[in-house]
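So you can see what is in the structure, the chains are spelled out below.
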Amino acid sequence: MGKFRDRKSFSRRTFATALAGAGTLAPLRAQPAPQNPPAPHKRQAPEEISPFGETIAFKRKDMPARVEPFEMTEVRLLPGAFKHAQDANLAYLRRLDADRLLHNFRVNAGLPSSAQPLGGWEKPDCELRGHFVGHYLSACALMYSSTGDGKLRDTGAYIVAELAKCQQKLGGGYLSAFPTEFFDRLNRREKVWAPFYTIHKIMAGLFDTHQHCGNRQALEVLEGMANWADNWTGAIPEPHMQEVLNTEYGGMNDVLYNLAAATGNDRYAAVGDRFTKKWFFNPLALRRDELRGLHVNTHIPQVIGAARRYEISGDMRFHDVADFFWYEVTSARTYVTGGTSNAELWRVEPRHLGEELKLSSNTNECCCAYNMLKLTRHLHRWTADPRYFDYYERTLYNHRLGAIDIENGATQYYLSIVSGAWRTFSKENDSFWCCTGTGVEEFAKLNSSIYFHDGDGVFVNLFIPSEAHWRQKGIKIHQETNFPESPGTALVIGTSKAVNMPLRLRIPYWVGREASVRVNGKLLEAAPSPGSYLTIARTWRDGDRIELDMPMHLHIEAMPDEPTTQAVLYGPLVLAGKLGADGLTEDMIINHAGPDVAHHPMEVPEFRASSGPDSWLEQIAGESLAFRTKGQQRDVTFVPFNRVSKERYSIYWTVNESA
Ligand SMILES: [Zn+2]
């Protein structure tokens, strides 16, 4: 979350993406095919200078999806790392005090409040106050869907009812924990943090409460806010509104499109269109990367809005924005962990990540990963392309899973990947950063993307212990796995009658040629191809068991601009070298002052390799997923990055070819 940056990029430049990174193949690049993301859609129309011209007229047309995720109420997590993360988050959400969360709203509305104010970005004088309450509503709603936790549903309903009173007191439309004077400053282009960003979080929280909990009042309050937003933006000439959009506004377009879709009222979509930042969308629709210098998490939510706009209108301009943006960010601006951003910006030309990593230790803002996962789900719905889940899986395991402290539910802001960094976490009642907000949402919806379906059958995308109940077909899928400790998974069918349907298993990019599938113990004569779905079409009976075996390998990913700067992966897991906890105190693991991390890159050993990573790394016998270097001047132990906490680590290493 950037502070006070009016971000019409400070160094926006045009460059040919084809030139960037040319001729920089790593000499030691290892065997499995590197992640091969789906290529962006090619524009059919002749290239226009400005695809988003003077007026953007909304016309409703609902686009069919190739696949849909299972309802979150249909999927339950079973014990394992994801369930532990969910439980830690659930406990944190339950510990937070609703009246303390409501305090600033009541004060702003002139209603009594005796609650003790919260700290961090919910402090009574913070210009973002109220933003976390929106995230909290979303998280309670998502958690209710994921687990059936009635207490959080009730807390959400209480907050909605109290917010409704605040809204009434303020005139029935505007609802915020800060006065409308912030919007006057926004309009005058004076310094103010991000008022619409905060409004978006509250609106999204209300929307989620309606969607997941069936809360009618949440929809009424939300429509009041949307009407206020219509009036405010409608009074501003379009060129000036484009200026206003240079101040971070979260996903205002997204929530308004969602509201239009849920209510069938296209007026809200027209308001959403006013949040189209044309100078940002135009180059993307033309498949040009002009992202350098932009604040990352300001812009990802706008693209999620573009994706949603395409879904409810079929307008290909918006499709192309989302499609190209996703491709470019994931293939040219993403570190090996799946994260993106450096000091919250894209700071270099595409594919210059080695150069970028030297610029700061505040890498990989967690909100960015959260929002990129959200965008990925949209693109997957349109295409059913399993390669989207190569990215999803990478980011989920290497960026998100380790970013929550399962002892207390605290989450990270930056996921630093400079050598010698360590994980730092939020405080219970004194942080409430943007990433605390997206964190409570993320770990409330870990069941959201494991299974998708089309009209016929099931798509298994992730290997997470869980049970899915596809009510429409009357079929259950029980996924038993301790992946990635074991390189495979087993699915057991539960059904009271024989069901004929295709079951599609995602075969990840990282799997070697030896992947195999057994049905009821019998080896299938199919050659699972990495980066595809393996389809098993048959009549399923109760107790049928499908076993997918996916041997993992060590492989390397080099920085695109620095072939000898390399990270090691094992299957989907980024491995981190353990560098010990010398000099680290409990205090250094908590971000007391703010989200910044004070890591100074540390000297780490360089490695020599005669060929691929197997030439310098070996598995430690008897230990799960642990490796150590061999034949190096200084030996280092490697484990999955998501398991390293409370000690220093390194992800990227200098690896030279040995003579
Ligand atoms: Zn953030």
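Thresholds, definitions, all that
Residues numbered from 1 in each chain as written. Predicted model: local features only at pLDDT ≥ 70, side-chain atom pairs only at ≥ 80, totals over all residues. Heavy atoms only, no water. Core = buried A, V, L, I, M, F, W, Y, C linked by side-chain atoms within 4.5 Å. Buried < 20%, exposed > 50% of the residue type's maximum accessible area, 1.4 Å probe, protein only. Contact = heavy atoms within 4.5 Å. Salt bridge = Lys/Arg side-chain N within 4 Å of Asp/Glu carboxyl O. Helix = DSSP H or I, 4+ residues; strand = E, 2+ residues; numbered from the N terminus. Pairing = 2+ DSSP bridges. Expected span 1.5 Å × (residues − 1). pLDDT = per-residue confidence, 0-100.

Engineer: Sorry if this is basic, but what is going on with the nonpolar core here?
Structural biologist: Generally speaking, nonpolar side chains in soluble globular proteins are found buried as a group. Phe325, Leu375, Leu503, Ile546, Phe638 and Ile651 are the most contacted members of the largest nonpolar core, which has 122 residues in total. Discounting chain neighbours no more than four positions away, the residues touching Ile546 are Thr489, Ala490, Leu491, Ile493, Leu503, Leu505, Val517, Arg518, Val519, Ile536 and Trp540. Judged by nonpolar contacts, the second largest core, of 69 residues, contains Phe132, Tyr136, Val192 and Ala218.

Engineer: Would you mind going over the pattern of salt bridges with me for this structure?
Structural biologist: Side-chain pairing between opposite charges can occur once the charged atoms of the two side chains come close. As enumerated under the stated definition, the model contains 41 salt bridges in all. In this structure, the salt-bridge partner of Arg381 is Glu68, at a minimum N-O distance of 2.8 Å. Pair noted here: Arg381 is in helix α15 (residues 366-383) and Glu68 is in strand β1 (residues 68-69), with a separation of 313 residues, a long-range link. For Arg381, a relative accessible area of 16% gives the class buried. We note a salt bridge from Asp385 to Arg387, for which the minimum N-O separation is 2.8 Å. Among the charged side chains, a network of salt bridges with common partners joins Glu68, Arg308, Glu311 and Arg381.

Engineer: Hey, could you run me through the sheet that holds strand β12 (residues 545-549) in this one?
Structural biologist: The pairing of strands in a sheet happens through backbone hydrogen bonds and is either parallel or antiparallel. Strand order in the open sheet formed by 7 strands is β2-β5-β6-β7-β12-β9-β10, and the pairing between neighbours is antiparallel. Strands with a single pairing partner mark the edges of an open sheet, and in this sheet they are β2 (75-77) and β10 (522-523). With 6 bridges connecting them, strand β6 (residues 475-480) and strand β7 (residues 488-495) associate as antiparallel partners. The residue bridging Ile475 from the neighbouring strand is Thr495, located in β7.

Engineer: Whenever I open this one, helix α3 (residues 131-147) confuses me. Can you help?
Structural biologist: Within an α-helix, residues lying three or four positions from one another point in the same direction, as the helix has 3.6 residues per turn. End to end, α3 covers 24 Å across 17 residues, agreeing with the expected 24 Å (1.5 Å per residue, within 8%). Along α3, 15 of the 17 residues are buried, which leaves the element largely enclosed by surrounding structure. Positive backbone phi, approximately 80°, marks Gly148, located one or two places after α3.

Engineer: Any chance you could explain the confidence of the model for the protein here in plain terms?
Structural biologist: Do not read the predicted coordinates in detail wherever pLDDT is low. Considering every residue of the protein, the mean pLDDT works out to 93; 94% of them sit at 70 or more. Low pLDDT, under 50, characterises residues 4-34; the predicted model gives this stretch 78 contacts beyond four residues in sequence or across chains.

Engineer: For this particular structure, what's the right way to read the sheet that holds strand β4 (residues 458-460)?
Structural biologist: Overall, mixed pairing links the 5 strands, which are arranged β1-β3-β4-β8-β11 in an open sheet. Edge strands, defined here as strands with exactly one partner in the open sheet, are β1 and β11 (532-540). Of the strand pairs in this sheet, β4 and strand β8 (residues 499-507) are connected by 3 bridges, and their pairing is parallel. Across the sheet, residue Val460 finds its bridge partner in β8, namely Leu505.

Engineer: Is there a simple way to explain the pairing of strand β5 (residues 466-470) in this structure?
Structural biologist: With burial as the criterion, only one face of β5 is covered, namely that bearing Ser466, Ala468 and Trp470; the residues Glu467 and His469 on the opposite face remain uncovered. Between β5 and β6, which follow one another and run antiparallel, lie 4 residues, and Gly474 among them has a positive phi close to 65°.

Engineer: For this particular structure, what's the right way to read helix α1 (residues 81-95)?
Structural biologist: Over its 15 residues, α1 extends 21 Å from the first C-alpha to the last, a length consistent with the 21 Å expected when each residue adds 1.5 Å. All buried positions along α1 are accounted for by Phe82, Ala85, Gln86, Ala88, Asn89, Leu90, Tyr92 and Leu93. Looking at the buried residues of α1, the elements they touch are β2, α3, α4 (150-169), α16 (387-400) and α17 (434-442).

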